[in-house]
Each structure stands twice: as C-alpha cells, then as structure tokens.
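Per-entry structural report
Here's the letter readout for the chains.
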Amino acid sequence: MADAASQVLLGSGLTALSQPLMYVKVLVQVGYEPLPPTLGRNMFGRQVYQLPGLFAYAKHIMKIDGRAGLFKGLTPRLCSGAIGTIVHSQVLQRYQEADQEEEPGASLKEPVSSLEQVIKETSREMVARSAATLVTHPFHVITLRCMVQFIGRETKYSGIFSPFVTIYREEGILGFFAGLVPRLLGDVLSLWLCNMLAYLINTYALENGVSTMSEMKSYSQAVTGFFASMLTYPFVLVSNLMAINNCGLAGGLPPYAPNYSSWLDCWSQLLKEGNMNRGNSLFFQKVPAGKGAARVGGEAAPLRPELGEGPGARPDALNDGRVVISIQFFK
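Source: prediction; values computed, not measured.

The rules behind the values
Residues numbered from 1 in each chain as written. Predicted model: local features only at pLDDT ≥ 70, side-chain atom pairs only at ≥ 80, totals over all residues. Heavy atoms only, no water. Phe/Tyr/Trp six-rings, centres within 6.5 Å; stacked < 30°, edge-to-face > 60°. Helix = DSSP H or I, 4+ residues; strand = E, 2+ residues; numbered from the N terminus. Buried < 20%, exposed > 50% of the residue type's maximum accessible area, 1.4 Å probe, protein only. Core = buried A, V, L, I, M, F, W, Y, C linked by side-chain atoms within 4.5 Å. Contact = heavy atoms within 4.5 Å. Expected span 1.5 Å × (residues − 1). Patch = residues over 30% accessible without salt bridge, like charges linked within 9 Å, V, L, I, M, F, W, Y side chains within 5 Å. Areas by Shrake-Rupley, 256 points an atom, 1.4 Å probe, with all protein chains shown as cover. Salt bridge = Lys/Arg side-chain N within 4 Å of Asp/Glu carboxyl O. Axes fitted to C-alpha atoms, helices over the stretch in contact; angles between N-to-C directions. Parallel < 35°, antiparallel > 145°, perpendicular 65-115°, else oblique. Left-handed = near helix turned anticlockwise from the far one by under 90°.

1. Here's the deal with the packing of aromatic side chains
Evaluation of the coordinates by the stated rule reveals six aromatic pairs. On the basis of an interplanar angle of 80° and a centroid distance of 6.4 Å, the ring pair of Trp 263 and Trp 267 is categorised as edge-to-face. You can see Trp 263 and its partner Trp 267 sitting in helix α9 (residues 263-273), four residues apart, about one turn around the helix. Relative accessible area serves as the criterion here: at 21%, Trp 263 is assigned to the partly exposed category. Overall, Trp 267 belongs to the partly exposed group, its relative accessible area being 23%.

2. A short note on the nonpolar core
Grouped together as the largest cluster of nonpolar side chains are 32 residues, with contacts concentrated most on Val 24, Val 26, Leu 27, Ile 61, Val 148 and Ile 151. Those elements giving two or more residues to this core turn out to be α1 (2-30), α2 (54-65), α4 (115-152) and α8 (233-244). In terms of residue count, the dominant contributor to this core is α4 (eight residues). Setting aside residues no more than four positions away along its own chain, Leu 27 makes contact with Tyr 32, Ile 61, Met 147, Val 148, Phe 150 and Ile 151. Judged by nonpolar contacts, the second largest core, of nine residues, contains Leu 237, Val 238, Leu 241 and Cys 266.

3. Considering α8
A rise of 1.5 Å per residue sets the reference length of α8, with its 12 residues, at 16 Å; its end C-alpha atoms lie 17 Å apart and thus fit the reference within 8%. All buried positions along α8 are accounted for by Tyr 233, Pro 234, Phe 235, Leu 237, Val 238, Ser 239, Asn 240, Leu 241, Met 242, Ala 243 and Ile 244. Just downstream of α8 lies Asn 246, where phi reads positive at about 55°.

4. Remarks on a nonpolar patch on the surface
Side chains of Leu 134, Val 135, Tyr 168, Ile 173 and Phe 177 sit close together on the surface and give an oily, nonpolar patch of about 470 Å² of accessible area. By secondary structure assignment, the location of Ile 173 is in the loop between α5 (162-171) and α6 (180-205).

5. Here we look at the packing of α6 against α8
Relative to each other, α6 and α8 sit at 160°, their axes nearing to 8 Å. Regarding the angle of α6 to α8, the classification is roughly antiparallel. Judged by the sense of rotation from one axis to the other, the crossing of α6 with α8 is left-handed. When α6 is examined against α8, the residues Pro 182, Arg 183, Leu 185, Gly 186 and Leu 189 are found in contact with a partner set consisting of Phe 235, Val 238 and Ser 239.

6. Details of unusual backbone geometry
Backbone geometry at Arg 153 places phi at a positive 60°, although glycine is not the residue there. Positionally, Arg 153 belongs in the loop between α4 and α5. According to the relative accessible area criterion, Arg 153 is partly exposed, its value standing at 46%. A positive phi is found at Asn 246, a non-glycine position, where the angle reads about 55°. Along the chain, Asn 246 turns up in the loop between α8 and α9. Asn 246 gets classed as partly exposed once you look at its relative accessible area, which sits at 48%.

Structure below.
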C-alpha cells in the first residue's frame, strides 16, 4: 500500500508539471491554430512554413487566461492518474498473490528470460493497464473537454461534479466512454510492440556477459518504448478527437472538426487529409497540407480566400484557428 501511495504522489507531481505540455498538445490535436505560420527549415534544411511551437502557444494562452490558464483540466487529470495507479497496482497484486498460492517449484520450470515468460508478464500488464484505462476514462474525457473549452471560451465543463451531470444528461452513460476503443487499442499495441521488440533486441542483438548488459537492456526498453509510442500515436489522436466530437463545444464542432460517425470514420478522414500525426511534435510543426495549392515560380499559389489564401483573403483568416495553408519550395 505504501508503494502505491508513493507512486500516486510521484505520478501527481509529474502530471502537474506536464499539464501545460498536455494542454497545448490537445489544442493542436483538435486543429486549433490561432497563430500564423512562420518560415523556417526542416531537419533536412529545406525551407517550409511551420506553425509556432510549444512556448509560443503557451504564451498565447497566458496572454488570455494568465499562468493559471495553463492548468485547466488538471483536477480531473490528477484524479485519473491517482485512480489509475491504484487500479493498476491492485490488479498486478492479485496476480502475484495467485502465483504465491501455486506450488513453490512451479515458477522455476521455465527460465525468466524465456519468450513464454515475456508473454505472460506482458499479458498481465495488458490486463492491468486496460482495467485502469476503463475505470479512469470518464475523467480523461472530462479533462479533454475542459481544455478544449479554451477555443470557444465556454464554461460548460467547469467545476468538479457538474461535468459528470452534464455528460450523463446529454449523452448518457456512453458519453463517459467516448473514444475508449481507439485508446485501448493504442495502449495494447504499444505495450506488445515495446515488450516484444525489447525481448528480440535483448535476446539476439545484445551479447551476454557484457559488463553493461543490464544498462544496455534498460536503454533498449526505453528506445523500443519510444518507437512503439510513435507508431501508435494515431490511436491517441483519434481517441482524443472522438472524446470531444459533437459534445457541444466549439472545438468539437465544424469548422474545427467534422461530425464523425465513428472512430473509424475519424481515422479515415485524418488519413485522407494527411493529419495522422497532428500534434505529435510541438516544436517542429509543419503546416497541414491543403488541397488546392498550385505551384507558381517555386512557391505555392494559394487558392482559397476564405482560409487566408489568395488575393481575396480575409485579413483575419490566418488567426481564426483554421490554418491549412500548404506552401512548398522547389528548386
């Protein structure tokens, strides 16, 4: 119990510190782009128009809501983290108690590093994580909606208990689990990819007997975890978008987001637009690709005045949160 309490305290501290990052990330995922793009260079040295990074967005939020504005949605997120940690540890503890009830020699029949052992441990971790996600998803939905309120300056999901009443009254029980399926799928895929890749690297790529073997194995776990999270990021994006889709907030309605019929419909539309990694990087954000850019003299000639492109552009079009310009340079 003491171990779980220390994990809750540590997790709460990290959650509070990362809240501004999470806040900006969610707004970018929704498609809220209040600041105009600037000309910069990508990692290959090519000139591209890029959206402002994390710190520019944070300054924009502070200018409107002050420093406290960066911590909207923190309370339900802290509740989600604390409850999730407790549920996760309790499920794993039940597995450990079941192992202790077995015969003492039963756990020694197979080597600890065997594939069967890795599959067994990963399966248990999958059950524990899935249980924690299922229990805490309502808090996750409320957290996202509290953050997205910034776009339309709403207060619909403010307070501690009123968001639960609002969601139940308007959407019923299912409203608390909007976006749950892609979130669960992403968590499960990420876990299995991470553990299986780490097993393959530790077993076949790293030689036994090296003095830094344990160190190398910990590094491989971190690298595979990062790689797995990159591959499964689209599930995170789709889950977050479905959690706010058509919930009565400006950020979940057109023009920021269409009304998706299902998470598969959301996935399909993002894939067509080339936005499956939107919000994945908060420091080097490429301007989302538009559909009507014509190439003239090495630069794209904008064709949509209503979105700030072309001769008839509205002066405020680049600042209304719908930057979809695609400007490319060709030698």
